[in-house]
Amino acid sequence: MVNQNLTATEIGFTHEDFAALLDKYDYHFSPGDVVPGTVFSIEPRGALIDIGAKTAAYIPIQEMSINRVDSPEEVLQSNETREFFILTDENEDGQLTLSIRRIEYMRAWERVRQLQAEDATVRSGVFATNRGGALVRIEGLRGFIPGSHISTRKPKEELVGEDLPLKFLEVDEERNRLVLSHRRALVERKMNRLEVGEVVIGTVRGIKPYGAFIDIGGVSGLLHISEISHEHIDTPHSVFNVNDEVKVMIIDLDAERGRISLSTKQLEPEPGDMIKNRDLVYDKAEEMAAKYREQLLAKQQGATAASTEVVAEEDIPPATELDEDIPPAAELDEDIPPATETEEEIPAATETEEGIPAAIEE
């Protein structure tokens, strides 16, 4: 029978040994670690969490979510087990401070990077505006839409509460910048129904020294000054007025930059007709556009043919004729001319982007 009255000396294990053993197997926590924890007490402005430390850790209400929280019960329930981010080291009482918000931020940035890589279109409601543009939330992060990337006739102030399709312009976690474009999303959607060489009717919405901005079905295209006429034009104001209805041809669709380039020069039956006889240009627009498309197709086919020109099959010895000498490339008699024909240069829009303020966390 085992003697239950054995002393600590007899078994060779003291209280000090037991305390040392606990210290040896105690978990060591560092700020930045993500650990599991169980909620065992909810307080008015926070909660106590058991993460296996000597003292219960604490999570304040402002660290419970990436979104605003008015009550801890909106996020946590008693005895719930979940992951927590260790925000600060132990205080003088040996207590760690935790966060759920930081985990949500990390995962939100990971998600928006993935969406940007997929070139996804997202939707979000405008919750505020400022002098530079509008503010939205994407995956809980605050995003900024520059005024130059808002394509709507409404004043910015009236956009609050409106749901907008958006494309990503910049996703920079280090600089805390999430910048989006409403214009690019609309242009991409519109581009799916447009083609280079197509004639469309639009309205002049703005005139700059370098060209006119034409509204074509809710998106803006640039009619560059060099594409108004074959004849020299000092300023677009000499040809157009705001709210003029015009016929233009699409000469470039740049989905990456969210821009549509337009031309009336390519629709002129004779050089200078946009200045001398605009009605004739509009009457002949479809006919001239058809010729433009034919020329464009011929150039594309010519470039393709030149780039795919190969030595005739009978000039290539079969692989089994190993004894024959194959002359080096330098000894070939025929020179294959390079494809020197290039596409007609398409002018790029010269508008500049607005400055983008940082998307500072609230």
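Bear in mind the structure is a predicted one, so any value in this text is a computation, not a measurement. Here, residues in each chain are numbered from 1, in the same order as that chain's written sequence. Reporting in this predicted model follows two pLDDT cut-offs: at least 70 for local features of residues, and 80 or more for side-chain atom pairs to be given and counted; totals over whole chains, interfaces and linings ignore these cut-offs and use all residues. Heavy atoms throughout the structure, all of them, feed into the side-chain values; hydrogens and water do not.

**Quick notes on the packing of aromatic side chains**
Step number 1: Paired rings are identified among Phe, Tyr and Trp, the last through its six-membered ring, by centres lying within 6.5 Å, and are further divided according to the angle between planes into stacked (under 30 degrees), edge-to-face (over 60) and tilted (the rest). A full pass over the atoms with the stated rule returns one aromatic pair.
Step number 2: Seen in terms of ring centroids, Tyr210 and Phe213 are 6.2 Å apart; in terms of plane orientation they differ by 90°. Their pairing is edge-to-face.
Step number 3: Residue class for Tyr210 comes out partly exposed when judged on its relative accessible area of 22%.
Step number 4: For a Lys NZ or an Arg CZ to count as sitting over a ring, it must be within 6 Å of the ring centre and within 35 degrees of the ring normal. One cation-aromatic arrangement involves Arg137 over Phe127; the distance from NZ or CZ to the ring centre is 4.7 Å. For every residue, the accessible area obtained with a 1.4 Å probe (protein chains only) is divided by the maximum for its type, and the residue is called buried under 20%, exposed over 50%, and partly exposed between those limits.

**Re the environment of Glu286**
Step number 1: Strands are runs of DSSP state E lasting at least 2 residues, helices are runs of H or I lasting at least 4, and numbering of each runs from the N terminus. The residue Glu286 is located in helix H7 (residues 285–307) in this model.
Step number 2: Between the C-alpha atoms of Glu286 and Val200, which are 86 residues apart in sequence, the distance is 9.6 Å.
Step number 3: Two residues form a contact once any of their heavy atoms are found within 4.5 Å. Once you skip the residues sitting within four places of it in the chain, Glu286 turns out to touch Val199 and Lys247.
Step number 4: In this structure the side chain of Glu286 is engaged in a polar contact, spanning 3.5 Å, whose partner is the side chain of Lys247. Any pair of nitrogen or oxygen atoms within 3.5 Å is treated as a polar contact; in protein, a donor-acceptor pairing is required on top of that, and neighbouring residues in sequence qualify only through side-chain atoms on both sides.

**Digging into the pairing of strand S15 (residues 259–263)**
Step number 1: Of all five residues in S15, five are buried, a share of seventy percent or more.
Step number 2: Judged by which residues are buried, S15 turns out to be covered on both faces: Arg259, Ser261 and Ser263 on one side and Ile260 and Leu262 on the other are all buried.
Step number 3: Whether two strands pair depends on DSSP finding at least two bridges between them. Sheet topology places strand S13 (residues 219–224) next to S15; two bridges connect them, and they run parallel. Bridged to Leu223 within S15 is Leu262.
Step number 4: Here strand S14 (residues 245–254) pairs with S15 via five bridges, running antiparallel. For Ile250, the partnering residue across the bridge sits in S15 and is Leu262.

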